[in-house]
Amino acid sequence: MNIVSYLQTQQPQLRRQFQSALVSGHLSHAYLLSGETGSPLLEIAKFLAKSLVCEHPSPLADNVCWSCLRIDDGNYADIMIFDGSLATIKKEEIQGMEASFEKTPIEKAGRLIYILHLVENLTIEAVNSLLKFLEEPHQEVYAFLTTENESKVIETIVSRTQKLRVLPVDLNMIVALAIDQGIPLQDAELLAHFYQDPHKMKAILEEDFYVSMRDAFTHFLEALASNYSKAHYIAIDEIIERFTQKEHLRLIIDMMLLFFGDILALQNGQEPSLPSYVNILKPLLKRFANLEEALLEITLARGQIDLNVNATLLLDHLFIILLKEYIHDHD
Ligand SMILES: [Zn+2]
């Protein structure tokens, strides 16, 4: 993703807000980037961090100087990045970071920066350590926290940070950009809900987990139209027992919510969010009732992924919630 043009065209307000703080010397010691799933939060956080140490800022990062390039490569000594999308961020990591920030900066910019991506995925102990650190800001220490779910970030963190809101981008536009890049319509519609960058979408298209997940859902939905037992078997064999990693779990649940949310939308005469899947979904309109409650329950359960839940058990539970609304044929 070209983050510079993305910020210029899609997030002008955020860009202006940060740029004027930078130019006027009124930088906050901690920022909270809040946006929807799929927003390039980590990329924005890295770019803003670069802007604080860039050798030739104008006034934001130029992305080409030696410092910017080393940040891209993870070789800049004074920036630490913790990625909560990969694993829960633990107290020991926060304490280790705080200890290393007691020292003076190594790089000539003289600033120490940490990025906590998806701060809702910190353990409670990690949050407590972080709070103490946020309460006593050191002169040249800066933090960029990100969240896809601000309601799950405790108020004491929110109140100690300056919020930068990342606005949702128009889905139709992302789909159009993706199709321009040669991505098939069905994948473009599906992936636009998770990624806003066509290049990233292209990379995901080459990932085995995405292809097998998409195909598994297609098989599952097609079978549901006529053969409950087969559909149930596909859910277990191709989805529940196959995907056990946390990052895959989110994607599966999001796909569930998208497809079945569309069945509900079509039942209510509303526009689906995946128009190219309508032919697969239409036969299912008469197969489900009360999806509203089931989907609400699944949405709530999605929040549990951050805890150390057992992926197989959780998915199994969610498919039971969904399939109990299935209307069987009566002979
Ligand atoms: Zn630079």
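Procedures and definitions
- Residues numbered from 1 in each chain as written.
- Predicted model: local features only at pLDDT ≥ 70, side-chain atom pairs only at ≥ 80, totals over all residues.
- Heavy atoms only, no water.
- Helix = DSSP H or I, 4+ residues; strand = E, 2+ residues; numbered from the N terminus.
- Rg over C-alpha atoms; globule rule 2.2 N^0.38 Å.
- Buried < 20%, exposed > 50% of the residue type's maximum accessible area, 1.4 Å probe, protein only.
- Contact = heavy atoms within 4.5 Å.
- Axes fitted to C-alpha atoms, helices over the stretch in contact; angles between N-to-C directions.
- Parallel < 35°, antiparallel > 145°, perpendicular 65-115°, else oblique.
- Left-handed = near helix turned anticlockwise from the far one by under 90°.
- Donors = N, O, S within 2.8 Å, 3.2 Å for Na, K, Ca; no water.
- Tetrahedral: all angles 85-135°; square planar, octahedral: opposite > 155°, others 65-115°.
- Domains from an automatic or database assignment.
- Buried area = accessible area lost by both parts, 1.4 Å probe.
- Salt bridge = Lys/Arg side-chain N within 4 Å of Asp/Glu carboxyl O.
- Polar contact = N/O pair within 3.5 Å; in protein donor to acceptor, adjacent residues only side chain to side chain.
- Nonpolar A, V, L, I, M, F, W, Y, C, P; charged D, E, K, R; others polar.
- Pairing = 2+ DSSP bridges.
- Right-handed = clockwise from strand over helix to strand, strands pointing away.
- Expected span 1.5 Å × (residues − 1).
- Core = buried A, V, L, I, M, F, W, Y, C linked by side-chain atoms within 4.5 Å.

### What about the overall build of the protein?
Line of reasoning, step 1. Counting secondary structure elements, the protein contains 16 helices and five strands.
Line of reasoning, step 2. Its C-alpha atoms give the protein a radius of gyration of 22 Å, near enough to 20 Å, the size a compact globule of 331 residues would have.
Line of reasoning, step 3. Along the three orthogonal principal directions, the C-alpha set of the protein runs to about 75 × 45 × 30 Å.
Line of reasoning, step 4. Among the 331 residues that make up the protein, the fraction classed as buried is 50%.
Line of reasoning, step 5. The long-range fraction of contacts in the protein, counting pairs at least 24 apart against all pairs at least 6 apart in sequence, stands at 71%.

### A short note on the packing of helix 11 (residues 208-224) against helix 12 (residues 228-240)
Line of reasoning, step 1. At their nearest, the axes of helix 11 and helix 12 sit 7 Å apart, and the two run at 165° to each other. By the angle class used here, helix 11 and helix 12 are roughly antiparallel. Between helix 11 and helix 12 lies a crossing whose hand is left-handed. Within the contact between the two elements, helix 11 uses A216, F217, H219, F220, A223 and L224 and helix 12 uses Y228, K230, A231, I234, A235, E238 and I239.

### A look at the coordination of the zinc ion
Line of reasoning, step 1. Here the zinc ion is held by C54 (SG), D62 (OD), C65 (SG) and C68 (SG), and the distances to it run 2.0 to 2.3 Å.
Line of reasoning, step 2. Viewed at the metal, the four donor atoms of the zinc ion are separated by angles of 92 to 118°, and the geometry they form is tetrahedral.
Line of reasoning, step 3. Spacing between the donor residues of the zinc ion along the chain follows C-x7-D-x2-C-x2-C. With a gap of 14 residues between them, C54 in the loop between helix 3 (41-53) and helix 4 (66-73) and C68 in helix 4 connect regions that are remote in the sequence.

### Quick word on the domain arrangement of the protein
Line of reasoning, step 1. Considered domain by domain, the protein is made up of domain 1 (3-165) and domain 2 (207-323).
Line of reasoning, step 2. At the interface, eight residues of domain 1 touch eight residues of domain 2.
Line of reasoning, step 3. Carbon and sulfur atoms make up 27% of the surface buried where domain 1 meets domain 2, a total of about 560 Å² over both sides.
Line of reasoning, step 4. Contact with domain 2 buries surface across domain 1, with T88, N121 and K152 losing the most and accounting together for 51% of the total.
Line of reasoning, step 5. One can count zero salt bridges joining domain 1 with domain 2.
Line of reasoning, step 6. Linking domain 1 with domain 2 are zero residue pairs in polar contact (both at pLDDT 80 or more), by the criterion used here.
Line of reasoning, step 7. The residue makeup of the side of domain 1 that touches domain 2, split by class, is one nonpolar, five polar and two charged.

### Quick look at the environment of L118
Line of reasoning, step 1. Note on placement: L118 falls in the loop between strand 3 (112-117) and helix 6 (124-135).
Line of reasoning, step 2. Taking relative accessible area as the criterion, L118 reaches 3% and is therefore assigned buried.
Line of reasoning, step 3. Sequence separation of L118 and K91 is 27 residues, and the distance between their C-alpha atoms is 15 Å.
Line of reasoning, step 4. Setting aside its immediate chain neighbours within four residues, L118 contacts L41, G84, S85, T146, T147 and E148.

### Things to note about the pairing of strand 4 (residues 141-147)
Line of reasoning, step 1. Within strand 4, seven of the seven residues are buried, which leaves the element mostly enclosed by the surrounding structure.
Line of reasoning, step 2. Of the two faces of strand 4, both are covered, the one formed by V141, A143, L145 and T147 as well as the one formed by Y142, F144 and T146.
Line of reasoning, step 3. As defined by bridge partners, strand 1 (residues 30-34) adjoins strand 4 across five bridges and the pair is classed as parallel. Across the sheet, the residue bridging to Y31 is F144, located in strand 4.
Line of reasoning, step 4. Sheet topology note: the strand 3/strand 4 ladder contains five bridges and is parallel. Considered in strand 4, the bridge of Y114 is made with A143.
Line of reasoning, step 5. Each parallel crossover has a hand, and for strand 3 linked through helix 6 to strand 4 it is right-handed.

### Brief notes about helix 13 (residues 246-267)
Line of reasoning, step 1. Taking 1.5 Å of rise per residue, 22 residues should cover 32 Å, and helix 13 covers 32 Å from first to last C-alpha, within 8% of that figure.
Line of reasoning, step 2. Of all 22 residues making up helix 13, 19 are buried, and the element is well covered by its neighbours.
Line of reasoning, step 3. With its phi angle positive at about 70°, G269 sits one or two positions after the end of helix 13.

### Here we look at the sheet that holds strand 4
Line of reasoning, step 1. With parallel pairing, the five strands of this open sheet are ordered in space as 2-3-4-1-5. In this open sheet, the two edge strands, each paired with only one partner strand, are strand 2 (79-83) and strand 5 (162-165). Put simply, the sheet's adjacent strands are angled 15° from each other on average, direction ignored.
Line of reasoning, step 2. Contacts from helix 2 (residues 12-24) reach strand 1, strand 4 and strand 5 within the one sheet, and its direction differs from that of strand 5 by about 145°.

### Topic: the nonpolar core
Line of reasoning, step 1. Core analysis: the largest hydrophobic core is formed by 99 residues, its most contacted members being F18, F144, F217, F220, F259 and F260.
Line of reasoning, step 2. Top contributing element to this core by residue count: helix 13, with 13 residues.
Line of reasoning, step 3. Ignoring any residue separated from it by four or fewer positions in sequence, one finds F18 in contact with L27, Y31, L48, S51, L52, L60, F144 and L164.
Line of reasoning, step 4. By size, the runner-up hydrophobic cluster in this structure holds 24 residues, among which are I94, L112, V127 and F133.

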